[in-house]
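# Structural features, examined
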Amino acid sequence: MKRAINAAWKGIQLSAVINLIMYIIIGLINGPEKFASGYGMARVGAAAVLIGIGFGIPSMIYNTELRLSLKVLIHMGTGCLVMMAASVLGGWLPVESGLPAVLITLAIETAVAFAVWAATCIKTSAEAKRLNEKIKEKQQSE
């Protein structure tokens, strides 16, 4: 249970940072007319928490013996489905603009999710390589 809570918390932290960066960018692009109300901010905050949990808890799948492709499918599939549902809660889907706009928005969200996943994989891989080199050096010096 503690591992699930930690995974969820890490996911929430990452989601909150990404959402903050996106809101800064959107705010700079759209200007003062898009300032959110208190209720709007509460919806967006709840959506960010849901996204963090939706990606955080399923990331625990990487600690199993499953094939990597299945791990990625479970983690990213679950996370992206939760993100799409949270997009409805957050009011991020431009439903008034029609289906193409909604699909483009979902595609952009999914692309951002996979970009974050790829960056995390690269960072984790580099960390593992560094640790393995330290272990190898320590074994050679003994």
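My aim in this report is to walk through the structure given alongside it, one point at a time. Since the model is a prediction, treat every value here as computed from it, not as a measurement. (Residues numbered from 1 in each chain as written. Predicted model: local features only at pLDDT ≥ 70, side-chain atom pairs only at ≥ 80, totals over all residues. Heavy atoms only, no water.)

## Let's talk about the overall build of the protein
Rules: Put simply, DSSP H or I for four residues or longer makes a helix, DSSP E for two residues or longer makes a strand, and each gets a number counted from the N terminus. Here the globule rule reads 2.2 Å times residues to the power 0.38, and the radius of gyration is calculated from C-alpha atoms. The rule is simple: take the accessible area with a 1.4 Å probe, protein chains only, and divide by the maximum for that residue type; under 20% is buried, over 50% is exposed, in between is partly exposed. We call two residues in contact when some of their heavy atoms are within 4.5 Å. For the accessible areas, the method is Shrake-Rupley and the probe is 1.4 Å, while residue cover comes only from the protein chains on display.
Within the protein, the secondary structure is distributed over 4 helices and 0 strands. For the protein, the sequential pattern of α-helices and β-strands runs α-α-α-α. In terms of overall size, the protein is more extended than a compact globule, its C-alpha atoms giving a radius of gyration of 18 Å where 142 residues would be expected to give roughly 14 Å. Judged by the C-alpha coordinates and their principal axes, the protein covers about 65 × 30 × 30 Å. Expressed as a percentage of its 142 residues, the buried residues of the protein come to 25%. Taking all contacts inside the protein whose residues are at least 6 apart in sequence as the whole, residues at least 24 apart take part in 68%. For the protein, the accessible area works out to roughly 9,900 Å², and carbon and sulfur atoms hold 71% of it.

## Here we look at helix α3 (residues 68–90)
The criterion, for reference: Helix span is expected to be 1.5 Å times the residue number reduced by one.
Along its 23 residues, α3 runs 31 Å from first to last C-alpha, staying within 8% of the 33 Å computed at 1.5 Å per residue. For α3, the full list of buried residues reads Lys-71, Val-72, His-75, Met-76, Gly-79, Cys-80, Met-83, Ala-86, Ser-87 and Gly-90. Two residues or fewer past α3, Gly-91 is found with a positive phi of approximately 75°.

## What to know about a nonpolar patch on the surface
We apply this condition: Every patch collects residues that have over 30% relative accessible area and no salt bridge, joining them within 9 Å if they carry like charges and within 5 Å if they are nonpolar side chains (Val, Leu, Ile, Met, Phe, Trp, Tyr). The working definition used for a salt bridge is a side-chain nitrogen of Lys or Arg within 4 Å of a carboxyl oxygen of Asp or Glu.
Together, Val-17, Ile-21, Met-22, Ile-25, Ile-26 and Ile-29 give the surface a local cluster of nonpolar side chains, amounting to about 520 Å² of exposed area. Residue placement: Ile-26 occurs in helix α1 (residues 2–30). A relative accessible area of 36% means that Ile-26 is categorised as partly exposed.

## Things to note about the side chain of Ser-15
Tracing the sequence through the fold places Ser-15 in helix α1. Assessed through its relative accessible area of 6%, Ser-15 is described here as buried. Setting aside residues up to four positions removed in sequence, Ser-15 forms contacts with Ala-48, Ile-51 and Gly-52.

## Concerning the side chain of Thr-105
Its place among the elements puts Thr-105 in helix α4 (residues 99–141). You can call Thr-105 buried: its relative accessible area is 18%.

## Some remarks on the nonpolar core
Heads up, the rule is: Remark: nonpolar core denotes a set of buried residues (Ala, Val, Leu, Ile, Met, Phe, Trp, Tyr, Cys) joined through side-chain atoms within 4.5 Å.
With 9 residues, the main nonpolar core is built from Ala-47, Ile-51, Phe-55, Val-72, Met-76, Cys-80, Met-83, Ala-86 and Ala-113. Among the elements of the structure, α2 (38–56) and α3 are those that each provide at least two residues to this core. Per-element accounting of this core gives the leading share, 5 residues, to α3. Residues contacting Ala-86, with those up to four places away along its chain left out, are Ala-47, Leu-50, Ile-51 and Trp-92.

## Topic: α4
With 43 residues, α4 should cover 63 Å at 1.5 Å per step; its first-to-last C-alpha distance of 63 Å lies within 8% of that length. Residues Val-102, Thr-105, Leu-106, Glu-109 and Ala-113 constitute the buried set of α4.

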